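Descriptive analysis of the structure
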Amino acid sequence: MQEWANQLCENRQFGSKMTDSKYFTTTKKGEIFELKAELNSDKKEKKKEAVKKVIASMTVGKDVSALFPDVVNCMQTDNLELKKLVYLYLMNYAKSQPDMAIMAVNTFVKDCEDPNPLIRALAVRTMGCIRVDKITEYLCEPLRKCLKDEDPYVRKTAAVCVAKLHDINAQLVEDQGFLDTLKDLISDSNPMVVANAVAALSEIAESHPNSNLMDLNPQTMNKLLTALNECTEWGQIFILDCLANYTPRDDRESQSICERVTPRLSHANSAVVLSAVKVLMKFMEMLPKDLDYYGTLLKKLAPPLVTLLSAEPELQYVALRNINLIVQRRPEILKHEMKVFFVKYNDPIYVKLEKLDIMIRLASQANIAQVLAELKEYATEVDVDFVRKAVRAIGRCAIKVEQSAERCVSTLLDLIQTKVNYVVQEAIVVIKDIFRKYPNKYESVIATLCENLDSLDEPEARAAMIWIVGEYAERIDNADELLESFLEGFHDESTQVQLQLRTAIVKLFLKKPTETQELVQQVLSLATQDSDNPDLRDRGYIYWRLLSTDPVAAKEVVLAEKPLISEETDLIEPTLLEELICHIGTLASVYHKPPSAFVEGRGQHKRLPGSGGSAESESPDAVSAGAANEVAAVIPSQGDLLGDLLNLDLTPPATTGPPPHSGGMQLGAMDLLGGGLDSLMGDESEPLGGDLGGSPAMGAGFGAAPAAMPPAFSAPVSGGLEDLFDLGGGVGMPLGSFCPPKTVWLPAMKAKGLEISGTFVRRAGVIQMEMTITNKAMSVMTGFAIQFNRNSFGLAPAGPLQVLTPLSPNQNIEVSLPLNTVGPVMKMEPLNNLQVAIKNNIDVFYFSCQYPISVLFVEDGKMERQVFLATWKDIANENESQFQIKDCHLNSDTASNKLQTSNIFTIAKRTVDGQDMLYQSMKLTNGIWVLAELKIQAGNPNYTVSLKCRAPEVSQCVFQSYEAVLKN
């Protein structure tokens, strides 16, 4: 559609400008027949009018493909306007009429040699847009000529055509050598040709991330920076985006590039400004902070960003979303520009909310008075959503700037006195967070909060108030009455309020056991017997069992000291922030999501370069391997893994086998507490009643839990957490990659007769999950499927689980499942833990296993010596871990060879005082490098290995792999 729009716009310069609308108004019957006659007319004007009518019909969605041969006959003309219209028609219908489109090839080839450069460019552009395989082979020769055409307009058009052809037939482009020609165009004398060549190469490189097409070096960079000053604004964007992918050799080169890019900050086009900001933000990482130029650059970045906020609201919003990222990375850039983010009365709500967010990020002790005055003003606005956000912002200020907390609390109390319902409710929610941040400091306001109890009607506010009452029950005389008032309508409350109310009453009971025994029995009875919510019910049983068996332990658990909340909770995770900074000016920076989250096939992750400036990192060799100096990816924290695993899509396929088992609530089969509920609550056979120690009346009154316990209490605990490196039963492998022996992951007694044992191994660069699946049940098993939970390194099945035949009773089958590392990532404990769901026609089963981290060591993990030395020095000493490997009787050469089979590469070896020292490197699939020093003393069976890594949490797993491989 974009091509049509461009063509139609260009056509307006030819012929009448105000009369073309008439072609869109006709609705005559028999129109196709009339157009056919007009297209075959001898009169040129009549023929041109007919083609215009055809294009108009095509534009409004009518099917005019029946006129294809007649329109193609009109190609043989000298009239440029008519030729453009015919080419436009061809682009649209060639795919549906590929055989007819071949008729036009000769005209294309002829037009590519026309003396008029506009016609040559038009021909090659149209051929590139016709996505028909039969035509692409005829395109090669004309395209080759146009790439070397004397006219720059033709060359720049041909450059873009290479990218289009690559999208249709990548192999053809490579075989014909067009990529090399495209690289040569980067040295072209015309800046627009350079810009289009860069755009084409970037487009191709994005679809083939491992092709290394953009061979960026200082010479190429100089050519691009020269062209930057002379090409159009869109050409500048292409070049700036390309510059952002370059990693400078040292801080001097980084400064030089920044100096030449800085003038783009004053460009009128906001896209150019944002692209320039992206380049500068990236290259600033290489500049030492004590450099004078660093401070100058910070000052230069502020004005263009401020200027973007004077544009239309839509552009303001895009600018604000990008500024939000910039402020999180470098708040010092805009720390003196707080006033430009103050909200204007006529700002749209989406702009207001973004400005509010940035104001909080820029809030500091120096400007907090000014910010609070603004926020208090906003809290009296008429826009309810904005007022809510403003009140929450006051709470965030209190948490971020400790010195302002008292003033913030005072402001919130003033707002509560307004008695505006939604203001009061939001204030209570944020005061709860302030209590968490500053315990035992502002609890004197609780009485004021309790006065507004009856006005609370929103779940979040009610839950916050209940939390406050439960947490500070000993300071509130009538806490039991307040909570009892909530309990009266327990079943009408939202789940959030029900969960909070149950916990608050348990807290109250532990603080005042003799007074609240009936209340706690009532809430637990409501939660366990009368509730349909499995979460509420299961948590109710946990509290019931905990209080019944060990009230002292219950007190330690429920009344444990809360961790202080931090103002950092709303910040973007550092690794994601780095990637988003590399995508400033794109949709990723507006969505605050990586491109891979919303564009298919964009899986390549970008990172900011490591901060430079030290003498050790100035060697060209030391930084030639960019990956070695990348900041290692930070693995996100572990979240609600149980919920993630149980929400997997495991829809059973149609099967002729036995119907799925329907008894019980299968969700309970996952161990909620990791170590088994029985370990917390005692033996299942013990009665739940009994003496509660501190409360004699409670022992008899509390009674036993209801007989109908949920499946969670009787479900098997997930098995398969045995040590994968226990080699006692393993068979020694010949020289090859290390493969731990298989262990039982899922015992038959816990999976209705299904037993799974397995191991992990890396072969030919592919991670394999090798399993033995055994049917120890009395019925046939079919319909197997497998899925993984989120895990530390994104392990996921690369294909379906191939169990092709039904598994008869007492039969087993060997299965090898290839894995990839493109799944969702979340930090596990331990790091190499993998939670698996496997389904068959009987049920869905869950188990955990651990994979040796050595299967994640990639084949290109050998560092150059100079890079190794520079990286070792660059990694902080606190990131170094030292381990002992005991009872190992190998010499250094044998150990080196053995480790190399698992992609642990020896970079260098030296002998000092009879002790061999091996310097080794390995690289994980997510780009994390691990460096090692292995010390082997002749005659000493104990080795010492020192590991250095930017992500030190992987060191323990790497040591385990060292130990397992060497002792195998």
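The numbering scheme is per chain: residues are counted from 1 as the chain's sequence reads. Since the coordinates come from a predicted model, pLDDT governs what is reported: local features require at least 70, and pairs of side-chain atoms require 80 or more to be given and counted, while whole-chain, interface and lining totals use all residues. Each side-chain value is worked out from all heavy atoms of the structure, with water and hydrogens disregarded.

For the chain, an unreviewed UniProt entry supplies the name AP complex subunit beta and the organism Cynoglossus semilaevis. UniProt positions are given in the numbering used here, feature names are shortened, and annotations may be inferred rather than shown by experiment. Its UniProt record, at the heading Sequence similarities (unreviewed entry), says of the chain: "Belongs to the adaptor complexes large subunit family." UniProt lists a comment for the chain under the heading Subcellular location (unreviewed entry), and it reads "Endomembrane system".

A look at the sheet that holds strand β6 (residues 812–820)
DSSP bridges decide pairing: two strands pair if at least two such bridges lie between them. Going along the chain from the N terminus, every DSSP run of H or I of four or more residues is numbered as a helix, and every run of E of two or more is numbered as a strand. Strand order in the open sheet made by the five strands is β1-β2-β3-β6-β5, with antiparallel pairing throughout. Sheet topology places β1 (743–746) and β5 (796–797) at the edges, where each strand pairs with a single neighbour. Alignment of β5 against β6, held across two bridges, turns out to be antiparallel. Looking across to β6, one finds that Ala796 is bridged to Asn820.

Topic: the pairing of strand β8 (residues 844–850)
The rule is simple: take the accessible area with a 1.4 Å probe, protein chains only, and divide by the maximum for that residue type; under 20% is buried, over 50% is exposed, in between is partly exposed. Here β8 lies mainly inside the structure; seven of its seven residues are buried. Alternating residues of β8 divide into Val844, Tyr846, Ser848 and Gln850 and Phe845, Phe847 and Cys849, and every residue in both groups is buried. One ladder, built from seven bridges, connects strand β7 (residues 833–839) with β8; its direction is antiparallel. Bridging across to β8, Ala837 finds its partner in Tyr846. Turn length for the β7-β8 hairpin, with the two strands adjacent in sequence and antiparallel, is four residues.

Side note on the packing of helix α28 (residues 495–511) against helix α31 (residues 551–558)
Lines fitted to C-alpha atoms define the axes here, with helix axes fitted over just the stretch in contact, and angles between the N-to-C directions of these axes take values from 0 to 180 degrees. Close contact between α28 and α31 brings their axes to 10 Å; oriented N to C, the two are set at 125°. Put simply, α28 runs oblique to α31. With respect to the hand of their crossing, α28 and α31 are arranged in left-handed fashion. Residues Val506, Lys507 and Leu510 of α28 pack against Pro551, Ala554, Lys555 and Val558 of α31. When residue character is reported, Ala, Val, Leu, Ile, Met, Phe, Trp, Tyr, Cys and Pro are called nonpolar, Asp, Glu, Lys and Arg charged, and the others, Gly included, polar. In terms of residue class, the contact of α28 with α31 is built from five nonpolar, no polar and two charged. Throughout, the term roughly parallel applies to angles under 35 degrees, roughly antiparallel to angles over 145, roughly perpendicular to angles from 65 to 115, and oblique to all others. Two helices cross in a left-handed way if the nearer one is turned anticlockwise from the farther one by less than a right angle. They cross in a right-handed way if the turn is clockwise. The contact definition used throughout considers only heavy atoms, calling two residues in contact when any of these lie within 4.5 Å.

What about the sheet that holds strand β9 (residues 880–885)?
Strand pairing in a sheet takes place through backbone hydrogen bonds and is either antiparallel or parallel in direction. The antiparallel open sheet is built from five strands, whose spatial order is β9-β13-β12-β11-β10. On the outer flanks of this sheet lie β9 and β10 (905–912), each paired with one strand and no other. Across the sheet, the mean angle from the axis of one strand to that of its neighbour is 20°, orientation sign disregarded. Looking at chain direction, β9 and strand β13 (residues 943–949) are connected through six bridges and run antiparallel. Within β13, the residue paired with Ile885 across the bridge is Tyr943. Of the strands in this sheet, β10, β11 (915–923) and β12 (929–937) are in contact with helix α39 (residues 892–900), which crosses β11 at around 5°. Together, β9, β11, β12 and β13 form the strand contacts of helix α40 (residues 955–967), whose direction differs from that of β9 by roughly 25°.

Section: the packing of aromatic side chains
Ring pairs shown here join Phe, Tyr and Trp side chains whose ring centres sit within 6.5 Å, with only the six-membered ring taken for Trp; geometry is labelled stacked below 30 degrees between planes, edge-to-face above 60, and tilted in between. Tallied over the full model, the rule gives twelve aromatic pairs. With centroids separated by 6.2 Å and ring planes inclined at 85°, the aromatic side chains of Trp467 and Tyr472 adopt a geometry described as edge-to-face. On the accessibility criterion, Trp467 (9% relative accessible area) is buried. For Tyr472, a relative accessible area of 8% gives the class buried. Pairing Phe760 with Tyr851 gives two aromatic rings, centres 5.9 Å apart and planes at 70°, and the pair type is edge-to-face. Separated by 91 residues along the polypeptide, Phe760 in strand β2 (residues 754–763) and Tyr851 in the loop between β8 and α38 (865–874) bring together distant segments of the chain.

With respect to a nonpolar patch on the surface
Patch construction takes residues with relative accessible area above 30% that form no salt bridge. Like charges are linked within 9 Å, and nonpolar side chains (Val, Leu, Ile, Met, Phe, Trp, Tyr) are linked within 5 Å. Note on areas: Shrake-Rupley with a 1.4 Å probe; residue coverage comes only from the protein chains shown. What counts as a salt bridge is simple: a side-chain nitrogen of Lys or Arg found within 4 Å of a carboxyl oxygen of Asp or Glu. On the surface, Leu587, Tyr591, Phe598 and Val599 cluster together into a nonpolar patch covering about 340 Å² of accessible area. Inspection of the secondary structure puts Val599 in the loop between α33 (587–591) and α34 (641–646).

Some thoughts on the pairing of β10
In this structure, β10 lies alongside β11, joined through seven bridges in antiparallel fashion. Bridging across to β11, Arg910 finds its partner in Met917. Turn length for the β10-β11 hairpin, with the two strands adjacent in sequence and antiparallel, is two residues, and the turn residue Asp913 shows positive phi of about 55°.

Considerations on unusual backbone geometry
Cis rather than trans, the peptide bond between Glu829 and Pro830 has omega equal to 0°. By the secondary structure assignment, Pro830 is in the loop between β6 and β7. Phi is positive for Lys419, which is not a glycine, with a value near 65°. In this fold, Lys419 is placed in the loop between α23 (405–417) and α24 (421–437).

So, helix α29 (residues 517–528)
Here, expected helix span is obtained from the residue count minus one, scaled by 1.5 Å. For α29, with twelve residues, the first-to-last C-alpha span of 17 Å sits near the 16 Å given by 1.5 Å per residue. Along α29, the residues that are buried comprise Gln517, Leu519, Val520, Val523, Leu524, Leu526, Ala527 and Thr528.

Topic: the nonpolar core
Among the nonpolar cores identified, the biggest contains 212 residues, and Tyr89, Leu90, Leu143, Leu243, Val261, Leu375 and Phe435 are the most heavily contacted of them. Domain extents, as shown, originate in an automatic or database domain assignment. Looking at which domains feed residues into this core, each of domain 1 (221–288) and domain 2 (458–561) supplies at least three. Those residues in contact with Leu143 that sit more than four places away from it in its chain are Val124, Ala158, Cys161, Val162, Leu165 and Phe178. What is meant by a nonpolar core is a set of buried Ala, Val, Leu, Ile, Met, Phe, Trp, Tyr and Cys residues, joined one to another through side-chain atoms within 4.5 Å. One finds Phe738, Trp745, Leu754 and Leu947 within the second-largest nonpolar core, a separate group that totals 64 residues.

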